[in-house]
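# Observations on the model geometry
Listed here are the chains, written in short residue letters.
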Amino acid sequence: MRARAGKGTAPPAGSLPTPARSGRIARAGRAARSVPPAPSRPDSVQPNLAQPDPVAMLRPWRLDDAAGLQTAFTGSTDLAAQFGAIELSTIARCQSFIAENLTPATVSRQNFAISVDGVAVGNVGIGSMEHRHGTGWVYYWLSAEARGRGLATLALASIADWAFTEQGLHRLELGHRTNNPASCRVAAKAGFAFEGIERQKLKYGSERFDVETHARLRTDAPPPVRPLPTATF
């Protein structure tokens, strides 16, 4: 049905219409007043208030991150193999591991805590940094409870951006077991291209695993993700 143009102007979007004063619309209005009002909402029903998004960033590890490291280690069964013979079930052991392995920053190795609302939920780092050729080896892990939100991808893309801009590196490499498709997806989404398979490179317990290698160059197109804020050392 084609609408007829009226003499007045239309009310702005979201505003209430002006009550009619005469004619058929007015009679319809009188009929509408006879309809009983809708029941009020019970006091127990509360409005749906928006919750603030968690704040994620990369930052240096601290000794008070021991509780977060302990939670990640004890709550993520697959991390035990990644840490090898290291046992991190107590706060004291976690503090020692942070002090000896995660906190020290050198010209060839640096680690960042993946922090969400101040709590360390994972790690991303670069080792074997070689500044003459501009290369480095990237690694990462994330606690089981923090997975599924894209944090690993954001952390990997962020440390790559930091390595290219702050360290002047040109090529970053990483590897994952061929039976770890989740890690493969993280690498691909962070802009690391597949390059090949290294046979039986890693050993966990008595079993050896083939490793799929990826690399990203400073001249490659960056992935469509926004890097996390990164606190420097």
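Notes on the structure in this doc start here. Each chain has its residues counted from 1, following the order in which its sequence is written. Reporting of local features is limited, given that this is a predicted model, to residues whose pLDDT is at least 70; pairs of side-chain atoms are given and counted only at 80 or more, and all residues count toward the totals for whole chains, interfaces and linings. With hydrogens and water excluded, all non-hydrogen atoms of the structure serve as input to the side-chain values.

## A word on the pairing of strand β5 (residues 171-177)
Burial of the side chains of β5 is restricted to one face: Leu 172, Leu 174 and His 176 are buried, whereas none of Arg 171, Glu 173, Gly 175 and Arg 177 on the reverse face is. In this structure, strand β4 (residues 135-142) lies alongside β5, joined through 3 bridges in parallel fashion. From the neighbouring strand, Trp 137 faces β5, where its bridge partner is Glu 173. The handedness of a crossover follows from its direction of travel: if, with the strands pointing away from the viewer, the path from the first strand over the helix to the second runs clockwise, the crossover is right-handed. We count a stretch as a helix when DSSP gives it H or I for four or more residues in a row; a strand needs E for two or more, and each element gets its number in order from the N terminus. Between β4 and its parallel partner β5, the chain crosses via helix α5 (residues 151-166), and the hand of that crossover is right-handed. The criterion for strand pairing is that DSSP finds at least two bridges linking the strands in question. Sheet topology places β5 next to strand β7 (residues 207-217); 7 bridges connect them, and they run antiparallel. Across the sheet, the residue bridging to Arg 171 is Leu 217, located in β7. Only protein chains enter the accessibility calculation, which uses a 1.4 Å probe; a residue is then buried when its area is under 20% of its type maximum, exposed when over 50%, and partly exposed in between.

## Regarding the pairing of strand β3 (residues 119-130)
Buried residues dominate β3, accounting for 9 of its 12 residues. Judged from the 7 bridges that link them, strand β2 (residues 110-116) and β3 form a sheet pairing that is antiparallel. Note on β3: the bridge partner recorded for Ile 114 is Gly 122. The hairpin formed by β2 and β3 contains 2 residues between the paired strands, and Asp 117 there has a positive phi angle of roughly 55°. The pairing of β3 with β4 spans 7 bridges and is antiparallel. Each residue of the ladder has a partner; that of Gly 127, found in β4, is Trp 137. Linking β3 to β4, which pair antiparallel, is a turn of 4 residues; within it Gly 134 sits at a positive phi near 70°.

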